[in-house]
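Residues per chain are reported as follows:
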Amino acid sequence: MKTIALAVLLATTFAVAQEKPIVYRLEYTITEMDGAKKLSSRSYTLQVEDHHKGTMRVGTRVAVPSGSFATGTADSNIQYEYRDVGVNLDVTLSTIDSTSLRLETTVDINSLVTPDSSTSATSRRPPATRQCRDQVTTVIPLDKPVTLTTQDDPSYNTSMQVQVTAHIVK
């Protein structure tokens, strides 16, 4: 009896191991526009297995002065905190049928905006952080570009558009 149970277990394990997971290539394009004029366009590609999460981080850690302290000498030491600037992309996908996917996407775009160089040294302001963050759950078709979000930035009179295209990796 134990031999039969072991044989069934081995056969089931072998059958499951033979099934290949479905992997998708997700191509994200982030476009910044000033009216009808394209300011920039960046592409990011991830390969994600069905029912799994993909994560991408692209950017730089930037030191920003956050304070200072005296050391007993004439010089003071400046303290810094670090900010991540760049693009963070998180996606979880699941197959709905042979032609469509359910995507949960979070796009976080951060950049430092340096103050106007014409200001005097005594009135210098620290850099500001510009952020564009979208969190979207949607159903998309395979092999067709879909615009996930478009948002206007009222501070700079620009807009940011996030588009995705999904393909099965063969």
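Everything quoted here is computed from the prediction, not taken from an experiment. (Residues numbered from 1 in each chain as written. Predicted model: local features only at pLDDT ≥ 70, side-chain atom pairs only at ≥ 80, totals over all residues. Heavy atoms only, no water.)

## Examining the overall build of the protein chain
Stage number 1. Helices and strands together make up the secondary structure of the protein chain, namely one helix and eight strands.
Stage number 2. The N-to-C order of helical and strand elements in the protein chain reads α-β-β-β-β-β-β-β-β.
Stage number 3. In the protein chain, which comprises 170 residues, the share counted as buried stands at 28%.
Stage number 4. Partitioning the intrachain contacts of the protein chain with sequence separation of at least 6 by distance along the chain shows that 51% fall at a separation of at least 24.
Stage number 5. Per element, the accessible surface of the protein chain, about 11,500 Å² overall, is 52% carbon and sulfur. (Helix = DSSP H or I, 4+ residues; strand = E, 2+ residues; numbered from the N terminus. Buried < 20%, exposed > 50% of the residue type's maximum accessible area, 1.4 Å probe, protein only. Contact = heavy atoms within 4.5 Å. Areas by Shrake-Rupley, 256 points an atom, 1.4 Å probe, with all protein chains shown as cover.)

## Focus: the pairing of strand E2 (residues 37–49)
Stage number 1. For strand E1 (residues 23–34) and E2, the ladder comprises 12 bridges, and the chain directions are antiparallel. Paired with Tyr-28 across the bridge in E2 is Tyr-44.
Stage number 2. In sequence, E1 turns back onto E2 through a hairpin of two residues, with Gly-35 there showing a positive phi of about 65 degrees. (Pairing = 2+ DSSP bridges.)

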